[in-house]
Amino acid sequence: MSRVVLAAVLALGLSACSDDPGEVIPDSGTNPTTDAGTDVDAGTDAGTDVDAGTDAGPGSSGGSGKLGCSRTGTVNTDAGTLTYCVAQVGATEVKYIEPKQGIVPEPMRLAIYLHGDGASVYNGNNPRSLFTHGGWTYGHNTLYVTALAPNKCAWWVRPEYTTCSPDGAPLSERDLEGKNAAELVSLIEALRKGWNIQDGPILFGGSSGGSIQLTSSFLPRYGDRYPGIYALSCGGEKPWSGQMDWDATNAALRGGTKFYFTYGDQDYLLQDIQAAEAYLGGLGFPVNDKVIPGAQHCAFDQVGRVSEVWNEATAQ
């Protein structure tokens, strides 16, 4: 295959990383509402003055104060109707659900989910990432955060590229400078400042382009600082730079990080995903996968699979 044809194939694969291409979604019964009357300053950036090197206590961040809400809403989950908050950290908007209080003492876990291209599970009056993941995190002492890509569309694309079309973005618009990964770091530190978060592995989740961002950009740059349990649906790539920025063969630096890949055997990103699995396994990371026979790209419950993995990993 020529270099030109190969580039075209790669661009086609990356540009089509939508949240729900062809997926049949059962009626969840959710009816989220928003409350525009909240009197919190929507312009507050809770992450601008965070000292990334500060740890207020052994084993946890020791944070308090939370993130200010620009607005709130409710969503029906397996744990009942829960309130979520919309907040802004730098260039990243988030929606979060706090865990149930009084069951397990602080510190709490942190779970962060990155959507696929188009952000359909984040946007609108039916934020599926919230009602799918929020019920589990609420009952498992876990602060849940679903994060909107800085360009409002795709996590793997540089934030300046804001043309969110159904055709996706060309391969040339990859965020090779790691600006979105840096935004994710700012978010993590703002959350650690706002709540008492465990220093243990962060529960990361991604679908399609969100999974690609986590494996190709965030992990190579910051994986030693933020060990995690990665629940990766229908996506994943080797580091775009061709290497890790830290010694991932050092077990101490890996810090308990594990990878759980889920994908269909007919996914057009199949080769990229399996290459990422082989690469990470070769460095010594535990790598698990679940392959869905006959399934094309994200043609399974790729959002529900994330909380399923989190439940499995934390029960061990």
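Up top is the structure.
Residues numbered from 1 in each chain as written. Predicted model: local features only at pLDDT ≥ 70, side-chain atom pairs only at ≥ 80, totals over all residues. Heavy atoms only, no water.

K.L.:
If you had to explain the packing of aromatic side chains to someone new, which residues and values would you point to?
P.N.:
Enumeration over the complete set of coordinates arrives at 11 aromatic pairs. Look at Phe259 and Phe261: their rings are 6.4 Å apart centre to centre, the planes differ by 25°, and that puts the pair in the stacked class. Here Phe259 falls in the buried class, since its relative accessible area comes to 0%. The ring of Tyr122 carries the charged tip of Lys95 above its face, separated from the ring centre by 4.4 Å. Directly above the aromatic system of Phe285 lies the positively charged group of Arg254, at a separation of 5.7 Å from the ring centroid. (Phe/Tyr/Trp six-rings, centres within 6.5 Å; stacked < 30°, edge-to-face > 60°. Buried < 20%, exposed > 50% of the residue type's maximum accessible area, 1.4 Å probe, protein only. Lys NZ or Arg CZ within 6 Å of the ring centre and 35° of its normal.)

K.L.:
Tell me about the nonpolar core, residues and numbers included.
P.N.:
In this structure, Tyr96, Ile112, Leu143, Val145, Leu191, Phe204 and Phe218 are the most contacted members of the largest nonpolar core, which totals 55 residues. A total of 7 residues in this core trace back to one element, the largest contributor, which is helix α3 (residues 179-194). Contacts of Phe204, omitting those with residues within four sequence positions, involve Ile112, Ile188, Leu214, Phe218, Tyr226, Pro227, Gly228, Ile229, Tyr230, Ala231 and Trp310. With 21 residues, the next largest nonpolar core counts Phe131, Tyr144, Tyr260 and Val303 among its residues. (Core = buried A, V, L, I, M, F, W, Y, C linked by side-chain atoms within 4.5 Å. Helix = DSSP H or I, 4+ residues; strand = E, 2+ residues; numbered from the N terminus. Contact = heavy atoms within 4.5 Å.)

K.L.:
How would you summarise helix α4 (residues 209-222) if you had to cite specific residues and measurements?
P.N.:
Look at α4: 18 Å from first C-alpha to last across 14 residues, which is about the 20 Å you get at 1.5 Å a residue. A maximum bend of about 30° is found in α4 at Thr215. Among the 14 residues in α4, 13 count as buried, and that is most of the element. (Expected span 1.5 Å × (residues − 1). Bend = angle between axes of the 7 residues up to and from the residue.)

K.L.:
Which residues make up the side chain of Ser307, and what are the values?
P.N.:
With respect to the helices and strands, Ser307 occurs in helix α7 (residues 304-314). A relative accessible area of 9% means that Ser307 is categorised as buried. For Ser307, the contacting residues outside a window of four places in its chain are Thr132, His133 and Trp136.

K.L.:
I'd love a proper account of the packing of helix α2 (residues 128-138) against α7, names of residues and values included.
P.N.:
When two helices pack together, you describe them by how their axes are tilted relative to each other and by the distance separating the axes. Here α2 crosses α7 at 20°, and the two axes come no closer than 8 Å. The angle between the axes of α2 and α7 places the two elements in the roughly parallel class. For α2 against α7, the interelement crossing comes out right-handed. In this structure, α2 contributes Thr132, His133, Trp136 and Thr137 to the contact, and α7 contributes Gly304, Val306, Ser307, Trp310, Asn311 and Thr314. Class assignment for the residues of the contact of α2 with α7 results in 3 nonpolar, 7 polar and no charged. (Axes fitted to C-alpha atoms, helices over the stretch in contact; angles between N-to-C directions. Parallel < 35°, antiparallel > 145°, perpendicular 65-115°, else oblique. Left-handed = near helix turned anticlockwise from the far one by under 90°. Nonpolar A, V, L, I, M, F, W, Y, C, P; charged D, E, K, R; others polar.)

K.L.:
Residue-level account of the side chain of Asp117, with values.
P.N.:
Assignment of secondary structure puts Asp117 in the loop between β5 (109-114) and α2. It is Arg174 that comes nearest to the buried, bridge-free Asp117 among opposite-charge side chains, at 12 Å. Looking at Asp117, its side chain comes within polar contact range of the side chain of Trp156, at 2.9 Å. (Lys, Arg positive; Asp, Glu negative; His and termini not counted. Salt bridge = Lys/Arg side-chain N within 4 Å of Asp/Glu carboxyl O. Polar contact = N/O pair within 3.5 Å; in protein donor to acceptor, adjacent residues only side chain to side chain.)

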